Amino acid sequence: MTASAETLKKETAAKNAAWQALIQHQKQIGTLHLRTLFAEDAKRGERMAAQAAGVFLDYSKNRITDETLRLLIDLAQQCGLKDRIDAMFRGDRINATENRSVLHVALRAPGGGSIVVDGHNVLSDVHAVLDKMARFAEHVRNGEWQGHTGKRIRNVINIGIGGSDLGPVMAYEALKFYSDRSMTFRFVSNVDATDLVEATRDLDPAETLFIVSSKTFTTLETMTNARDAREWMQLGLGSDAKAVARHFVAVSTNAEKVAEFGIDTANMFEFWDWVGGRYSMDSAIGLSTMLAIGPENFRAMLDGFHEMDEHFRTAPFERNLPVLMGLLAVWYNDFFGSETVAVLPYEQYLKRFPAYLQQLTMESNGKHVKLDGARVEYATGPIYWGEPGTNGQHSFYQLIHQGTRLIPCDFIAFADALNPVGRHHDMLLANVFAQAEALGFGKTREQVEAEGTPEWLVPHRICEGNRPSNMILMDRLTPAALGKLVALYEHNVFTQGVIWHIDSFDQWGVELGKVLAQRIIPELQSKDEPRLHHDSSTNNLIRRYRQMKGMQP
Ligand code: F6P
């Protein structure tokens with residue numbers, strides 16, 4: 001056996017041993033109740049907390065002991081997490097199946113440094129684009145950039161989908177407090193025409209700017225919407241090519257396709273193949289965010305991202321917030337068989353954060369093979385979902401409290417309200433603390449009986465508790481705070497992916513549906529009855545659709 005094969009064998013054996021140790025450990029402590037864990041350690045709530053970059057994480061209400069953490073960290077070490085983090089920051093091609101570097105961390109690194117890809121320092125490109133975005137944003141915001149008829153731009157519509165939409169929408173909503181309220185921002189993503197029609201119906205094309213955001217500039221939904229938006233604009237302003245130039249800009253990696261569409265490449269904001277779509281909200285894909293909140297606030301957001309990046313890169317695992325959160329997610333996913341994670345922001349401005357996280361987490365870690373192509377022998381990517389509190393409390397929390405499934409929760413809250421009206425904020429925070437307490441400690445039979453509850457009703461009113469949660473507490477939802485929060489989850493997802501030994505940066509699974517849709521489109525539209533070669537269900541659905549539209553008997 002060669003030396004490297006020998007090392008690999010040893011590493012695999014160590015990983016397996018760490019994994020087995022966790023299985024055994026879970027058998028010992030898996031049923032321990034949080035009530036017991038807290039009763040045995042008066043300081044647990046203070047001890048099992050960590051703080052960095054202005055983010056306070058209380059992870060004490062998890063079904064863990066100090067030994068659990070030790071074993072999880074050992075697993076992370078055996079999986080080479082530190083090396084993988086360094087490899088990402090160095091620009092190694094860790095997105096193996098696409099042979100690409102994964103360098104969203106470069107998007108927020110300060111200028112003057114150096115991260116080299118293919119012999120080129122990408123930081124100079126990043127800052128050149130940021131400067132170009134800032135100049136453009138200033139011009140639009142101060143009215144220097146005018147529409148074709150000389151009117152000021154008052155409406156901005158971002159057309160994109162997936163990572164070219166979810167980040168911009170989430171960030172716009174999250175940072176609305178800081179946005180220019182004299183401007184209207186809308187986001188069109190769905191190929192369902194209703195999205196575009198509703199977004200444009202009350203707008204004046206002379207005052208409207210479209211940002212066509214697409215890494216590839218080939219995505220069906222985005223290009224269809226962009227073409228129809230161009231038609232809408234030309235109907236309003238005439239088909240002068242100059243009109244397109246004043247009302248359409250692009251964010252893409254594909255200059256050729258941008259030019260083909262009729263957008264002046266001088267008005268294209270570039271990003272690079274080493275930025276994954278779901279990791280791109282801080283690249284030029286964030287142009288709508290910058291237009292809304294201004295360049296200074298955008299840079300503050302990038303600084304927030306960078307602070308969390310540095311924490312992730314340098315902090316020991318025991319105090320490393322993304323590492324701790326990632327390992328806890330693995331703990332429940334693989335050792336308790338829990339299948340989902342609920343993300344529950346107690347901040348109305350974060351209403352789109354769970355939707356944003358769904359792409360970040362599930363497109364990244366929804367994988368069934370390891371980097372070497374072998375099938376995984378364990379569960380990967382949990383399902384992330386959630387809604388802002390307190391709305392969720394009056395809807396799905398019942399299942400988390402008393403259902404039969406174990407659903408770890410991430411609560412997110414801020415000490416300062418952006419809109420400090422009356423007693424709302426104390427009530428909001430009281431609710432988030434109360435929910436975590438209720439989930440963790442529940443209500444015992446004795447407590448229910450002591451309230452004089454009739455015996456038949458007692459079982460219905462018992463809350464078993466022992467439902468784990470993290471509490472993420474920050475000062476105030478600022479642009480920097482948002483950057484820190486997003487980076488916290490990006491690196492949490494990365495940590496999970498390293499443990500599972502998967503490629504968190506490709507998304508081959510979404511391709512098949514796209515290819516099949518391209519095949520079906522002409523079958524739906526053809527005047528003559530098409531020869532169908534799908535399964536009998538798909539064939540029947542296509543025929544039924546054509547019949548319903550009167551296209552065939
Ligand atoms: O749905 C797959 C996907 O490739 C996402 O990863 C990406 O964010 C989205 O499509 C949009 O792609 P593009 O920016 O190239 O239009």
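Scoring rules and cut-offs
- Residues numbered from 1 in each chain as written.
- Predicted model: local features only at pLDDT ≥ 70, side-chain atom pairs only at ≥ 80, totals over all residues.
- Heavy atoms only, no water.
- Axes fitted to C-alpha atoms, helices over the stretch in contact; angles between N-to-C directions.
- Helix = DSSP H or I, 4+ residues; strand = E, 2+ residues; numbered from the N terminus.
- Left-handed = near helix turned anticlockwise from the far one by under 90°.
- Contact = heavy atoms within 4.5 Å.
- Nonpolar A, V, L, I, M, F, W, Y, C, P; charged D, E, K, R; others polar.
- 1 Å grid on protein atoms, 1.4 Å probe; cavity = no way out; pocket = protein on both sides within 12 Å on 5 of 7 lines; lining within 4 Å.
- Points joined across faces, edges and corners; volume = space filled by probe spheres on them.
- Near = heavy atom within 4 Å.
- Polar contact = N/O pair within 3.5 Å; in protein donor to acceptor, adjacent residues only side chain to side chain.
- Areas by Shrake-Rupley, 256 points an atom, 1.4 Å probe, with all protein chains shown as cover.
- Sits in = over half its atoms within 2 Å of the grid points.
- Pairing = 2+ DSSP bridges.
- Expected span 1.5 Å × (residues − 1).
- Buried < 20%, exposed > 50% of the residue type's maximum accessible area, 1.4 Å probe, protein only.
- Arc of directions from axis to C-beta.
- Core = buried A, V, L, I, M, F, W, Y, C linked by side-chain atoms within 4.5 Å.

### Remarks on the packing of helix α21 (residues 509-525) against helix α22 (residues 536-548)
Argument step 1. Two numbers describe how α21 lies on α22: the axes approach to 9 Å, and their chain directions differ by 35 degrees. The interaxial crossing formed by α21 with α22 has right-handed handedness. Residues Ile520, Glu523, Leu524 and Gln525 of α21 pack against Thr538, Ile542, Tyr545 and Arg546 of α22.
Argument step 2. Taken together, the residues that form the contact of α21 with α22 break down as four nonpolar, two polar and two charged.

### Remarks on empty space enclosed by the protein
Argument step 1. With the rule as written, the count across this model stands at three cavities of 30 Å³ or more.
Argument step 2. There is about 80 Å³ of room inside the largest cavity.
Argument step 3. Listing elements by their share of the lining of the largest cavity, those giving two or more residues are α14 (321-335), β12 (409-414) and β13 (469-474).
Argument step 4. The element contributing the most residues to the lining of the largest cavity is α14, with four residues.
Argument step 5. Residues of the lining of the largest cavity, tallied by class, amount to eight nonpolar, four polar and one charged.

### Structural notes on the site of the ligand
Argument step 1. Taken together, 14 residues form the shell around the ligand, and within it Gly163, Ser164, Ser214, Thr216 and Thr219 come nearest.
Argument step 2. Within the side chain of Glu363, a nitrogen or oxygen atom sits 2.8 Å from an oxygen atom of the ligand.
Argument step 3. Here the ligand has 390 Å² of accessible area as a free molecule, and 87% of this is covered by the chains.
Argument step 4. The site holding the ligand turns out to be the largest pocket.
Argument step 5. At the level of elements, α15 (353-365) and α21 are the ones that each hand at least two residues to the shell around the ligand.
Argument step 6. Looking at side-chain class alone, the shell around the ligand contains two nonpolar, nine polar and three charged residues.

### So, the sheet that holds β13
Argument step 1. Here six strands make up an open sheet; going across it, the order is β1-β2-β13-β12-β10-β11 and the pairing mixed. The open sheet has two edge strands, β1 (49-52) and β11 (383-385), and neither has a second partner. Between one strand axis and the next, the sheet turns by 15 degrees as a mean value, whatever way the strands run.
Argument step 2. With four bridges connecting them, strand β10 (residues 340-345) and β12 associate as parallel partners. Each residue of the ladder has a partner; that of Ala342, found in β12, is Cys409.
Argument step 3. The strands touched by α15 are β10, β11 and β12; relative to β11, the strand with the most contacts, the crossing angle is about 165 degrees.
Argument step 4. Along the sheet, helix α20 (residues 479-500) makes contact with β2 (55-58), β10, β11, β12 and β13, crossing β13 at roughly 150 degrees.

### Digging into α14
Argument step 1. When the terminal C-alpha atoms of α14 are compared, their 21 Å separation across 15 residues agrees well with the 21 Å that a helix rising 1.5 Å per residue should span.
Argument step 2. Most of α14 sits out of view: 15 of its 15 residues are buried.
Argument step 3. Phi for Gly337, located one or two positions after α14, is positive at around 70 degrees.

### A word on the sheet that holds strand β7 (residues 208-213)
Argument step 1. Taken together, the five strands give an open sheet; going across it, the order is β6-β5-β7-β8-β9, and neighbouring strands pair in parallel fashion. Across the chains shown, the open sheet's two edge strands, defined by having one partner strand only, are β6 (184-188) and β9 (268-270). Sheet twist, expressed as the mean angle between neighbouring strand axes with direction ignored, is 20 degrees.
Argument step 2. Judged from the five bridges that link them, strand β5 (residues 155-159) and β7 form a sheet pairing that is parallel. When the bridges of β7 are listed, Ile157 appears paired with Phe210.
Argument step 3. Against the sheet, helix α8 (residues 193-200) touches β5, β6 and β7, its axis set at about 170 degrees to β6.
Argument step 4. Sheet contacts for helix α9 (residues 220-237): β5, β6, β7 and β8 (248-252); angle to β7, the most-contacted strand, approximately 160 degrees.

### A word on α8
Argument step 1. By the burial criterion, the buried members of α8 are Leu196, Ala199 and Thr200. Axial view of α8: buried residues confined to an arc of 85 degrees, hence all on one face.
Argument step 2. On its buried face, α8 is in contact with β5, β6, β7 and α9.

### Observations regarding the nonpolar core
Argument step 1. Trp274, Leu291, Phe353, Ile472, Leu482 and Tyr489 are the most contacted members of the largest nonpolar core, which has 126 residues in total.
Argument step 2. For this core, the leading source of residues is α20, giving 12 residues.
Argument step 3. Those residues within four positions of Leu291 in sequence are excluded, and the remaining contacts are Phe136, Ala137, Val140, Arg141, Val156, Met183, Phe185, Leu209 and Ile211.
Argument step 4. Counting residues in each nonpolar core, the second largest holds 23 residues, with Val188, Val212, Ala250 and Ile263 among its members.

The values are spatial; any link to function lies outside them.
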